[in-house]
Structures are given as structure tokens and as C-alpha cells.
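Fold and contact review
Chain by chain, the residues run as shown.
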Amino acid sequence: MEKASDITEVLKARIDPDRVPRHIAIIMDGNGRWAERQGEHRVVGHANGVRSVREALVACREIGVEHLTLYAFSTENWNRPKAEVDALMDLLVKTVIGELEELNANGVRLHTIGDTASLPESCRATLLDAIAATAKNDRITITLALSYSSRWELVRAAQRIATDVKEGRLDPAAITDETFAAHLATAGMPDPELLIRTSGEQRISNFLLWQIAYAELWFTPVLWPDFRKDHLFQAVLDYQGRERRFGLISEQVTPA
Ligand code: FPP
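Residues numbered from 1 in each chain as written. Predicted model: local features only at pLDDT ≥ 70, side-chain atom pairs only at ≥ 80, totals over all residues. Heavy atoms only, no water.

This part covers the overall build of the protein chain. Each helix and strand counted, the protein chain has 9 helices and 6 strands in total. For the protein chain, the C-alpha atoms occupy an extent of roughly 65 × 60 × 35 Å along the three principal directions. Counting only residues that meet the buried cut, the protein chain has 46% of its 256 residues in that class. A sequence separation of at least 24 residues applies to 78% of the contacts in the protein chain between residues at least 6 apart. For the protein chain, the exposed surface amounts to about 13300 Å²; the carbon and sulfur share of it is 52%. (Helix = DSSP H or I, 4+ residues; strand = E, 2+ residues; numbered from the N terminus. Buried < 20%, exposed > 50% of the residue type's maximum accessible area, 1.4 Å probe, protein only. Contact = heavy atoms within 4.5 Å. Areas by Shrake-Rupley, 256 points an atom, 1.4 Å probe, with all protein chains shown as cover.)

Here it is in C-alpha cells:
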């Protein structure tokens, strides 16, 4: 019988290096259920989810993905019990500090999107330090969506565009897709071609609504703390087997 590591290598070898997504986004879900199934507190699920973050990042780096964006804390997550929110913030700080050396050693740049001004001061300071310390790395960018929701981002973009118009910097008739994208938190990043969600839920939950207009969606019943490199490779293989038509017909995207 093949060992898990052999299967991972077999899957990786099947990936076409010329058609690897530039950007993968992940909705990490199922930490709470994973913990409850073990009779543990939900926070234990989040702590075990850190290994999965590492696995996803290493897998992406190995196959040449340029951007990995993780939905780590949504605007709505502030409404969870205070103890869970505090534990998540604490875990974030400890993880970022603990992984910083490894991020630098592997050319990983850290970036965030979201209303980070609303994060606790210690969390914000740790993130700012780590973002500055990894700013020159260029192998892969990991973007943590923190206090993020797409509607927050879209409303903020509309406010910024309206201000530019009001102050005479922008002609409303000149507003294009590109203008709008440039006012989003993800300005300058390519759109994700592949969106993964774990835990069996099949919804988008206010994540990157503008950016995933043409993304392929991949859902797995695997709970986030059980997510490993082979799951990411499976998702990429599935993506590579799909025909992306962007509103065209089959013959137009793959001419005979
Ligand atoms: C969703 O599971 C997960 C989260 C809200 C947090 C994700 C955080 C981590 C994986 C830990 C640290 C992350 C980084 C980037 C250092 P859930 O709690 O909604 O699970 P449930 O749906 O089973 O309740």
C-alpha cells in the first residue's frame, strides 16, 4: 500500500507546471467541529489548524503558486464568544512570531487585507513588524484576510471612488473594472483562479466576491485541521481538468 507521503508526491508529479494557478484562496472551515469531535474546546481546533496553514503554504510554494490568500478572521467572527476571539488573536500573534524565521528562509512575503485597524494593538504591531520583515521576499505572498468581509471592502471602494470623483480626480464616465479593482484591498494582486473551502459547506461567506468572478470553486468535506498538502494538490489537479471558458464557447477557448 502507498504511504501518504508517496501519494502526495504522485499527485504533485501529475500537476502541469505550465497551468498552475497564480493565486489560490482558501476558506479555512471546520476547526470548531474538528475540536468538538475530539471532545475538545473549539480553540484546540484553531491551534491544530496552524499545521494546515503551513501545509497549504508549503504545497503552494512547491508548485509555484504566487499568492495564497487565507480567510483567517471575518468581520462576522467578532461576534463569537470573547474567549474564542481572544484565543484566535493570541494564536495569530504567536504563530506569526513563531513562523517568521521560516517565512524568511523560504522567500515568503506576509500581507494582510481587511480592517486591521480594528485588531488588538499587540496583534497589529506584530503583523506590521512581520510584514516589514518579509517585504523583500518574492517567492510567494501569503495574504491573511483579517477582520475582512467582501461587503466591507466593496463599500470602502465605493467610498474611495466617490471621494475621488468629488475631489475632481476621477471622471465617473472613466470608471472601469480596473478602476474598481484598484480601489479594493487586493489592488495589485491577480484574481484567484481557484477557491477552496473545507468542511463540506458550499458557500462563499462574504469572501473576495469581486475577485472570484471567474474562479473555479473546489469544496472538500475535510475539516481544516485535517487539510494536508495532498488535498491542495488534488484541488489543483481538479482545477487543471476543468475548461475555463470566461463566457466564451468551448471551441473559442480550445481551437481545433
Ligand atoms: C473556521 O473554523 C476557522 C476560523 C474562523 C479561524 C482560522 C484560524 C486558524 C486556522 C488559525 C490561525 C491562522 C493563522 C493564519 C495563523 P470554524 O471555527 O468556523 O469551524 P466550525 O465551522 O466547525 O465551527
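From this point on, the discussion continues.
Bringing the site of the ligand into the picture now. Lining the immediate surroundings of the ligand are 19 residues, of which Asp29, Gly32, Arg33, Arg42 and Arg80 lie closest. Between aspartate 29 and the ligand, the recorded distance is 3.0 Å, taken from a side-chain N or O atom to an oxygen atom. At 3.1 Å from an oxygen atom of the ligand is found a main-chain nitrogen or oxygen belonging to asparagine 31. Here the ligand loses 91% of its free accessible area of 620 Å² to cover by the protein chains. Contributing elements (two or more residues each) for the shell around the ligand: helix H2 (31-37), helix H3 (42-63) and helix H4 (82-105). Here the residues of the shell around the ligand are counted per class, giving 8 nonpolar, 7 polar and 4 charged. (Near = heavy atom within 4 Å. Polar contact = N/O pair within 3.5 Å; in protein donor to acceptor, adjacent residues only side chain to side chain. Nonpolar A, V, L, I, M, F, W, Y, C, P; charged D, E, K, R; others polar.)

For serine 199, which is not a glycine, the phi torsion comes out positive at approximately 85°. Within the secondary structure layout, serine 199 lies in the loop between strand S5 (194-197) and strand S6 (216-219). Overall, serine 199 belongs to the buried group, its relative accessible area being 8%. If you check the backbone angles, serine 205 has positive phi at about 50° while not being a glycine. By the element assignment, serine 205 lies in the loop between S5 and S6.

Let us look at the sheet that holds strand S4 (residues 140-148). The 6 strands are arranged S3-S4-S2-S1-S5-S6 in an open sheet whose pairing can be described as parallel. The open sheet has two edge strands with one neighbour each: strand S3 (108-113) and S6. Averaged over neighbouring strand pairs, the angle between their axes works out to 20° when direction is ignored. Examined bridge by bridge, strand S2 (residues 67-74) and S4 share 7 bridges and lie parallel to one another. Within S4, the residue paired with threonine 69 across the bridge is threonine 143. Seen against the sheet, H3 touches strand S1 (23-27), S2, S3 and S4 and runs at an angle of roughly 145° to S4. (Pairing = 2+ DSSP bridges. Axes fitted to C-alpha atoms, helices over the stretch in contact; angles between N-to-C directions.)

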